[in-house]
Amino acid sequence: MSAAPALPAPRAAAYRLGFVCLGNICRSPTADVVMASLVADAGLADVVEVRSSGTGGWHVGQPMDERAAATLTAAGYDATRHRARQHGADWAGLDLVLAMDAANLAAIGGAADGRTGRVRLFRSFDPEVPDDAPVPDVPDPYYGGDDGFADVLAMVERTCARLRDGLVALELSADR
């Protein structure tokens, strides 16, 4: 298990966290839904904003992929409110933006190593990725079977749990 990387300090009262994938219908909305649930359960909903987007605009306004939504629903999450958005300039002020793969990271201008700064690879927080190993992508399940969506959910749950723990450690407060 790797050591948990530090979260960047918040820029304002609320910590603003975003997830980015290609079309915003599978991976990044899965992370958005799971993270929002964990944030609410930790009592941080008033001080942590969670959102997701895609680098492409093909699916803007559409709900998440049916298979991703079914996987989340079967695990007890609410996937009904998601509508795809495209990543844009309004994301510049976020405290932390996590790309689901290296291509997404490059598209939004992240550092090549994906481990530092305010724009990183999502799995740089995955407890199963050793500190000295290259950060792997979250595989895109779109063109595969249902097992791919379950695998992505497992990666997202353990990684978002670590992110939640990092947010708790920041001792965020609405009184900031």
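Residues numbered from 1 in each chain as written. Predicted model: local features only at pLDDT ≥ 70, side-chain atom pairs only at ≥ 80, totals over all residues. Heavy atoms only, no water.

1. Regarding the layout of surface pockets
Of the pockets and cavities examined, the largest pocket occupies roughly 220 Å³. Lining the largest pocket are Asp32, Val33, Ala36, Ser37, Tyr77, Asp78, Ala79, Thr80, Arg81, His82, Arg83 and Arg85. Considering only residue class, the lining of the largest pocket consists of four nonpolar, three polar and five charged. Its boundaries defined by the atoms lining it, the second largest pocket holds a volume of some 170 Å³. Cys21, Leu22, Gly23, Ile25, Cys26, Arg27, Trp58, His59, Asp140, Tyr142 and Tyr143 are the residues that line the second largest pocket. (1 Å grid on protein atoms, 1.4 Å probe; cavity = no way out; pocket = protein on both sides within 12 Å on 5 of 7 lines; lining within 4 Å. Points joined across faces, edges and corners; volume = space filled by probe spheres on them. Nonpolar A, V, L, I, M, F, W, Y, C, P; charged D, E, K, R; others polar.)

2. A word on the nonpolar core
By size, the foremost hydrophobic cluster in this structure holds 39 residues, and its most contacted members are Phe19, Met35, Val48, Phe122, Cys160, Leu163 and Leu167. Every element with two or more residues in this core is listed here: strand 1 (15–21), helix 1 (27–41), strand 2 (48–54), helix 2 (66–74), strand 3 (96–99) and helix 4 (146–169). Per-element accounting of this core gives the leading share, eight residues, to helix 4. Discounting chain neighbours no more than four positions away, the residues touching Leu163 are Leu7, Phe19, Met35, Leu96, Leu98, Phe122 and Phe125. (Core = buried A, V, L, I, M, F, W, Y, C linked by side-chain atoms within 4.5 Å. Buried < 20%, exposed > 50% of the residue type's maximum accessible area, 1.4 Å probe, protein only. Helix = DSSP H or I, 4+ residues; strand = E, 2+ residues; numbered from the N terminus. Contact = heavy atoms within 4.5 Å.)

3. Quick word on the sheet that holds strand 3
The strand order 2-1-3-4 describes an open sheet built from four strands, whose pairing is parallel. Here the strands that pair on one side only, and so sit at the sheet edges, are strand 2 and strand 4 (119–121). Taking each pair of neighbouring strands and ignoring which way they run, the sheet shows an average axis angle of 25°. By the bridge criterion, seven bridges tie strand 1 to strand 2 in an arrangement that is parallel. By the bridge assignment for strand 2, Leu17 is matched with Val50. With respect to the sheet, helix 1 is in contact with strand 1 and strand 2, its orientation differing from that of strand 2 by roughly 170°. Helix 4 contacts strand 1, strand 2 and strand 3 of the sheet and is inclined by roughly 160° relative to strand 1. (Pairing = 2+ DSSP bridges. Axes fitted to C-alpha atoms, helices over the stretch in contact; angles between N-to-C directions.)

4. Some details on unusual backbone geometry
We note that Asn24 has phi near 60°; this positive angle belongs to a residue other than glycine. Within the secondary structure, Asn24 is located in the loop between strand 1 and helix 1.

5. Some details on the pairing of strand 3
Because side chains alternate across strand 3, one face comprises the buried residues Leu96 and Leu98, and the other comprises Val97 and Ala99, equally buried. In the sheet, strand 3 pairs with strand 4 via three bridges, with the strands oriented parallel. Note that in strand 4 the partner of Leu98 across the bridge is Arg120. Viewed along the sheet, the connection from strand 3 through helix 3 (residues 102–107) into strand 4 turns out right-handed. (Right-handed = clockwise from strand over helix to strand, strands pointing away.)

6. Examining the state of the cysteines
If you walk through the whole model with that rule in mind, you get zero disulfides. In this structure Cys26 is a free cysteine whose sulfur lies 6.7 Å from that of Cys21, the closest cysteine sulfur available. According to the relative accessible area criterion, Cys26 is buried, its value standing at 5%. Cys160 takes part in no disulfide bond, and the closest cysteine sulfur, belonging to Cys21, lies 13 Å away. Owing to a relative accessible area of 0%, Cys160 belongs among the buried residues under this scheme. (Disulfide = S-S within 2.5 Å.)

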